[in-house]
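The primary structure of each chain is shown beneath.
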Amino acid sequence: MTHAPHLSRRGLLAAGAATAALPLLAPSGASAAPVTPATSARVAEKVRHTPYTFRNAEIVGGGFVTGIVFNQREPGLVYARTDIGGAYRLDKKSRRWVPLTDWIGWDEYGHTGIISVATDEADPDRVYLAAGTYTMPEWDPDMAAILRSTDRGRTWKTTPLPFRLGGNMPGRGIGERLVIDPNRNRILYLGVRGGHGLWRSTDYGKTFAKVTTFPNVGDFVPDPTDPDGYNGDNLGVLQVVFDKRTGRAGKATRTLYVTVADKDNILYRSTDAGRTWERVPGQPTGFIPHHAVFDHVGGYLYLATSDTAGPYDGSKGDVWKLDTATGTWTRISPVPSTSDDNKWGYSGLTIDRQNPDTLMVSTQVNWWPDCILFRSTDGGASWTRAWDLGPNSVRTLRYDIDISAAPWLTWNASPSLPEMTPKLGWMMESVQIDPFDSDHFMYGTGATIYGADNLTDWDSGGTVHLSVRAQGLEETAVLCVISPPAGAAHLFSGMGDVGGFRHTDFRKASKMYDSPTFDNTPALDYAELAPHTIVRVGRPTSGWTQRFAISTDSGGSWKPSGSEPSGVTGPGVEDQAVAISADGRRIVWSPAGAPVSWSDDHGATWTASKGLPAGAPVRSDRVNPAKFYAYHAGVFYLSTDGGKSFEATAATGLPTAGNVRFKAVPGHEGDIWLAGGTDKPTTPTPYGLWRSTDSGTSFTRFKAVDEGDVVGFGKAAPGATYPAVYTSSKIHGVRGIFRSDDAGRTWTRINDDRHQYAWTGNTMTGDPRIYGRVYFGTNGRGVIYGEPK
């Protein structure tokens, strides 16, 4: 699974030339924006701070875990990386993942795409991240960086890099691309894509330089017809592995191997600590090496290969074993690429460090009926499978799966055999046996981490007990959140990839919405005066075709629409695609591919609205059932007949481009707040926060708000009559999450530099029943809720 990028969030920033310290442990209220010493005091005077506690409303997993890395010296020290949600360290006592990158701010949002993790064998306190989400500047204007920590990720420093890395690009499950010399830990190597080659640091990652003697920058491009796009980048240099027997403490390891994305030249070797290189003789050709593992006891190098970059595809591949003493190559594929039964590449590869003849490898992806794990206890001479296909499409399993920690992993599906739910996994590019415990292993999928503590039972015919091991790891892209004023649930969410949830207990995951089931839910709304009525729109899955659903019992049950507006191709824009009138009797939907349309029979029939451009975001007035609002390209629209027709208002000066979000205020007819715009220099437009008190006829801009991105409302402060206002914005030069208890006259920053969550400009709401509580979505760190300390 992956998540679509949010584009045009900000303008280009100049790449820094020096290594910068990042204030993970900055005092509460410290500025998140770069300010000079001369101005910092003035900024601090203008921006007040209220301490908050931030937590996740738990979903447990939800995205692609691209890598799991065990430290080879200290038992229980293990890290995980994700494609858009940052990195984590496993807490040994609680067995929960601790997020390490929540300090990454708005201006560096691309650094939450982690392409590699390196944990230091010589000094386990040291950990490094190779960070950078996309290689296309229009998707991520920042260059990549190495993030380095000497205290296991509690604090970080940054080394800027002169290229991009692609943590959410094709091939992101390959590697690890960043590695530490196990004998001389001041030396790091980084394999880089895009033709940039192999890079090395000799000062603990403070600086990097290109290894100019390395002979091959790679040439494999997933789609050569897409030169400037998502699939048009050369995968480059992939992985470095050390033969640590050829060094000693304090001396650089002499023999190291490097894999390259070049199907004719996949492996190179140096025997003089990286000064000179040779193509390894006799090597296999025709595939891309995804993972390499070195057996330091037997002297064997293992390679898992596939015909594509992954993680979504791969139809052929092999597993190879190199005896480095003799130079002999042996194909040890569980199912060789020459067999008609081989319909997959191989990726996830691991050996048991306690018993190095024991190997495991996974199919890179095998969508139907399921991915496969293979296990060998004789160095790859023979293999057994996690499941076998028997008569009548019945599968015999060497495992069972407990998904009680994340019951949504079934996607509400009931597939026909030989498919089963939950699946063993997909996009299984990281499989790791604990180097200190042969019974313990974990592997990442496109949605979670699975693991077991009785792995060796596989070898004696027992059942391996898999369970969800993603507790604390929250990697969803949140598209919308709402908080009705009544009902069992204070929070409803809409997600990319995993549908969305009715959150009745923030400490537990639940099943996703059903009847119908969506894998993407871009918009939700509730009727302000009849809040048990809730609507949602999304992309159907699990056999459903309807894109609209309604509940009249606070989300306890749902009913799909009886029809759709003619021409619908998708559910519509995020967070603002559907609106329901204050009394719950009228619905306005702005789907993709069809006109904005209204329904007064809960979606049984639809009629096109008049006077409104297709695709315009829509909202309802929270007091007057006849009023709906819309916005398009700087023009604000008003309907006074329940969405049947709209007219442009006289409002001027609103943003014509960028990320624009607007909402009507509960309890105040005609009161609307609008946030949006962009600082992208190629798209000049206002960027800020506005308010209208006359149903959008005119708007007044808040002068203190430099950049406004999303706004929401919650219960009023004690003694106040106007709802608390929450926004993700830049105010008085400081980027953060803010609250106002006096309708925007003054603002208080409620997050701090340890809790920035990168990009938070998509969806936000306060809780109408609990003063001070705010909910907001992230692009990879799930749903966050905050409360005053």
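All of these numbers come straight from a predicted model, not from anything done at the bench. (Residues numbered from 1 in each chain as written. Predicted model: local features only at pLDDT ≥ 70, side-chain atom pairs only at ≥ 80, totals over all residues. Heavy atoms only, no water.)

## Concerning the sheet that holds strand S54 (residues 705–714)
Where we set the bar: When DSSP finds two or more bridges between a pair of strands, those strands are recorded as paired. A run of DSSP states H or I qualifies as a helix once it reaches four residues; a run of E qualifies as a strand once it reaches two. Both are numbered from the N-terminal end.
A sheet is described by the order of its strands in space; here 5 strands give the open sequence S2-S57-S56-S55-S54, paired in mixed fashion. Each having just a single partner strand, strand S2 (48–49) and S54 make up the two edges of the open sheet. Examined bridge by bridge, S2 and strand S57 (residues 748–749) share 2 bridges and lie parallel to one another. Directly across from Arg-48, in S57, lies its bridge partner Thr-748.

## Describing the side chain of Ser-493
Applied cut-off: Relative accessibility decides the category of a residue: with a 1.4 Å probe and only protein chains considered, values under 20% of the type maximum give buried, values over 50% give exposed, and everything between is partly exposed. N or O atoms closer than or at 3.5 Å make up a polar contact, with two conditions inside protein: a donor-capable atom paired with an acceptor-capable one, and, for residues adjacent in sequence, both atoms drawn from side chains. Contacts are residue-level and defined by heavy atoms, with any inter-residue pair within 4.5 Å sufficient.
Following the sequence through the fold, Ser-493 ends up in strand S36 (residues 491–495). With relative accessibility at 0%, the residue Ser-493 sits in the buried group. Within the local environment of Ser-493, its side chain forms a polar contact with the side chain of His-503, the two groups lying 2.8 Å apart. With sequence-adjacent residues up to four places away left out, Ser-493 is seen in contact with Cys-480, Val-481, Gly-499, Gly-500, Phe-501, His-503, Tyr-513, Leu-524 and Val-783.

## Remarks on the packing of aromatic side chains
Where we set the bar: In summary, the pairing rule links any two rings of Phe, Tyr or Trp, Trp by its six-membered ring, whose centres are within 6.5 Å, and it sorts them by plane angle into stacked for under 30 degrees, edge-to-face for over 60 and tilted for everything else. Whether a charge lies above a ring is judged from NZ of Lys or CZ of Arg, which has to be within 6 Å of the ring centre and within 35 degrees of the ring normal.
Enumeration over the complete set of coordinates arrives at 34 aromatic pairs. Through a chain of ring-to-ring contacts, three or more aromatic side chains come together here, namely Tyr-52, Phe-54, Tyr-757 and Phe-776. The ring of Tyr-300 carries Lys-321 above its face, with NZ or CZ at 4.3 Å from the centroid. One residue, Arg-395, lies across the ring of Trp-387, its end atom 4.3 Å from the ring centre.

## Focus on the pattern of salt bridges
Rules: Criterion for a salt bridge: a side-chain nitrogen of Lys or Arg within 4 Å of a carboxyl oxygen of Asp or Glu.
One pass over the structure, following the stated rule, counts 35 salt bridges. Arg-469 is the partner of Asp-453 in a salt bridge, and the nearest nitrogen-oxygen pair spans 3.0 Å. Of the two residues, Asp-453 sits in the loop between strand S33 (449–452) and strand S34 (464–468) while Arg-469 sits in the loop between S34 and strand S35 (478–482), which places them 16 residues apart along the sequence. With its nearest N and O atoms 2.8 Å apart, the salt bridge here joins Arg-735 to Glu-707. Linking Arg-735 in strand S56 (residues 734–740) with Glu-707 in strand S54, this pair joins segments that are 28 residues apart in sequence. By relative accessible area, Arg-735 is classed as buried at 6%. Each of Glu-74, Lys-92, Asp-125 and Arg-152 takes part in salt bridges that share partners, so that together they form one network.

## Some points on the confidence of the model for the protein
Rules: Think of pLDDT as the predictor's per-residue confidence, scored from 0 to 100.
Scored by pLDDT, the protein has a mean of 93; 94% of the residues are at 70 or more. Overall, residues 1–44 carries pLDDT values under 50, and its contacts beyond four positions in sequence, including any with other chains, amount to 110 contacts.

## Here we look at the sheet that holds strand S20 (residues 288–295)
Selection rule: All axes are obtained by fitting lines to C-alpha atoms, using only the stretch in contact for helices, and the reported angles, taken between N-to-C directions, cover 0 to 180 degrees.
The strand order across the open sheet built from 4 strands is S20-S21-S22-S23, with neighbouring strands paired in antiparallel fashion. Strand pairing shows two members of the sheet lacking a second neighbour, S20 and strand S23 (328–331), which therefore form its edges. Each adjacent strand pair in this sheet contributes to an overall mean axis angle of 20°, direction not counted. Alignment of S20 against strand S21 (residues 300–306), held across 7 bridges, turns out to be antiparallel.

## Quick word on unusual backbone geometry
In this chain, Leu-417 is followed by Pro-418 through a cis amide linkage whose omega measures 10°. Checked against the element boundaries, Pro-418 lands in the loop between strand S30 (399–402) and strand S31 (431–433). Each neighbour pair has its own omega, and for Thr-421 with Pro-422 the value is 0°, a cis peptide bond. Along the chain, Pro-422 falls in the loop between S30 and S31.

## Some points on the environment of Pro-284
You can see Pro-284 is positioned in the loop between strand S19 (278–279) and S20. Its relative accessible area of 10% is what places Pro-284 among the buried residues. In the structure, Pro-284 is positioned 436 residues away from Ala-720 in sequence and 73 Å away in space, judged by C-alpha atoms.

## Notes on the pairing of S36
Of all 5 residues in S36, 5 are buried; the element is thus mostly enclosed. Neither face of S36 is left uncovered, since the one carrying Leu-491, Ser-493 and Met-495 and the one carrying Phe-492 and Gly-494 both have all their residues buried. As judged from the 4 bridges shared by S35 and S36, these two strands associate in the antiparallel manner. Across the sheet, residue Val-478 finds its bridge partner in S36, namely Met-495. Two successive antiparallel strands, S36 and strand S37 (residues 500–503), enclose a turn made up of 4 residues, where Asp-497 displays a positive phi of approximately 75°.

## Regarding the side chain of Arg-148
For clarity, the threshold we go by: A positive count includes Lys and Arg, and a negative count includes Asp and Glu. His and the chain ends are not counted in either.
Tracing the backbone shows Arg-148 in strand S10 (residues 145–149). Look at Arg-148: it is buried, it has no salt bridge, and the nearest opposite charge is Asp-203 at 7.2 Å. Within the local environment of Arg-148, its side chain forms a polar contact with the side chain of Thr-159, the two groups lying 2.9 Å apart.

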